[in-house]
Amino acid sequence: MISIVLPVFAVIGLGWLAQRRGWLGDGGAGALNAFVFRIALPPLLFLAMARTPFEAFGQWRFLAAYLSGTAGVWVLVWWLAPRLGFNGFQARWLTCLGATFSNAIYLGIPLFETAFGALSAQPVILIALMMNLLLVGGSLIVLQAASGEGTRAAIKETLSNPMLFAIGAGLLVSWFDIALGDGADRLLSLLAQAASPVALFALGVTLGVAGSGVRFGRPQWVLLVAKLFVHPALVALACWGFQADAINAQAAILIAAVPAGSLVHVVAARRGTLETESAALILLTTAVSVVTLTLLLEWLL
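Residues numbered from 1 in each chain as written. Predicted model: local features only at pLDDT ≥ 70, side-chain atom pairs only at ≥ 80, totals over all residues. Heavy atoms only, no water.

Chemist: Can you help me understand helix α12 (residues 263-271) in this one?
Modeler: Given 3.6 residues to a turn, an α-helix orients residues that are three or four positions apart in the same direction. Of all the residues in α12, the buried ones are Val 264, Val 267, Ala 268 and Arg 271. Along the axis of α12, the buried positions cluster into a sector of 100 degrees, meaning they face one direction only. Structurally, α12 contributes buried residues whose contacts are with α4 (89-100), α6 (122-146) and α13 (275-300). Looking one or two residues past α12, Gly 272 carries a phi angle of roughly 70 degrees, positive in sign. (Buried < 20%, exposed > 50% of the residue type's maximum accessible area, 1.4 Å probe, protein only. Helix = DSSP H or I, 4+ residues; strand = E, 2+ residues; numbered from the N terminus. Arc of directions from axis to C-beta. Contact = heavy atoms within 4.5 Å.)

Written as structure tokens, this is what we have:
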């Protein structure tokens, strides 16, 4: 399994090294992330949906299982947060977000494609969409409402996410069985092929930016256990309870075991709370997941 995991994390490491050595210059991280999020990733998501028979989207059990397992971790960490020194509604909410939001887009999709094949990424994409809307979009809305700010801008930002449009368009193409022209298919496929490697490299660059001056304390290690061990365990239990089919259950368990996503740090930075702590959690879970994901894939495959 190391032959699957190591190349993925090697690309992340190259991105981290490039950022730390200053090879990309000013603005490199932002440009890479913009390319992935707005140009390369939408075609990947669109094609994954468009090439999937519409009947396959009737599989809801793995989504319910993932949501149930995630809710279980959220409740646990909400209770633990004050005991880790995270007091107040906003700090507790962001702590829960860090323990439940997986880096499904930048790491989960490339890893799942490497392990199971590019055509099998549809369940991962659906999980990623659900969690981005509920956890990231929902967090922006809830935290702004809790602080007495208006929520209109957060709702608009959530609904204008390129992921939402790409997946929605792909679902329509699948539903109406629309054939893409050769030229359009080649263009979208070419951009989609760039999404995974550039996303991994951009993740490394982001970790290089966020990791300056962070320290790993007891709270980060406790949250690491919640993210990398408790989260996939509860999702696995829920998949068994909901009787999710094998490939979808594997996708749900793997994504639950993926380290904390970089958007956790983005949300924390926007709120001006736990910026350093969230960066430390992302770095720590990413580093340790090299081992945990290798062991998990050994079990899943």
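Chemist: Please clarify how unusual backbone geometry should be interpreted in this entry.
Modeler: Of note, Asp 177 is a non-glycine position whose phi angle comes to about 55 degrees, a positive value. Take Asp 177: it is sitting in the loop between α8 (162-176) and α9 (182-210). In this structure, Gln 243 is a non-glycine residue whose phi angle is positive, near 60 degrees. Looking at the secondary structure, you find Gln 243 in the loop between α10 (218-242) and α11 (246-257). Using a relative accessible area of 63% as the deciding quantity, one classes Gln 243 as exposed.

Chemist: Hey, could you run me through the environment of Leu 293 in this one?
Modeler: In this structure, Leu 293 sits in helix α13. Leu 293 sits in the buried class, given a relative accessible area of 0%. In this structure the C-alpha to C-alpha distance between Leu 293 and Ala 233, which are 60 residues apart in sequence, comes to 13 Å. Non-local contacts of Leu 293, meaning those with residues more than four positions away in its chain, are made with Val 5, Phe 9, Leu 111, Leu 254, Ala 257, Val 258 and Pro 259.

Chemist: Got a minute to help me understand the layout of surface pockets in this structure?
Modeler: Think of a ball as big as a water molecule: rolled over the atoms, this probe shows where empty space is left. Size it by volume and the largest pocket reaches roughly 830 Å³. Residue lining of the largest pocket: 35 residues in total, with Phe 37, Tyr 106, Ser 262, Leu 263 and Val 266 positioned closest to the centre. Every element with two or more residues in the lining of the largest pocket is listed here: α2 (28-50), α5 (104-116), α6, α7 (152-159), α8, α9 and α12. For the lining of the largest pocket, the leading source of residues is α2, giving 6 residues. Residue composition of the lining of the largest pocket, by class: 19 nonpolar, 13 polar and 3 charged. (1 Å grid on protein atoms, 1.4 Å probe; cavity = no way out; pocket = protein on both sides within 12 Å on 5 of 7 lines; lining within 4 Å. Points joined across faces, edges and corners; volume = space filled by probe spheres on them. Nonpolar A, V, L, I, M, F, W, Y, C, P; charged D, E, K, R; others polar.)

Chemist: Looking at this structure, how should I read empty space enclosed by the protein?
Modeler: Under the defined criterion, the tally for this structure stands at 2 cavities of 30 Å³ or more. Taken as a whole, the largest cavity spans an internal volume of roughly 100 Å³. Surrounding the largest cavity, Phe 86, Leu 94, Thr 95, Gly 98, Gln 220, Leu 223, Val 264, Ala 268, Leu 274, Glu 277, Ser 278 and Leu 281 form its lining. Here the lining of the largest cavity is composed, by residue class, of 7 nonpolar, 4 polar and 1 charged.

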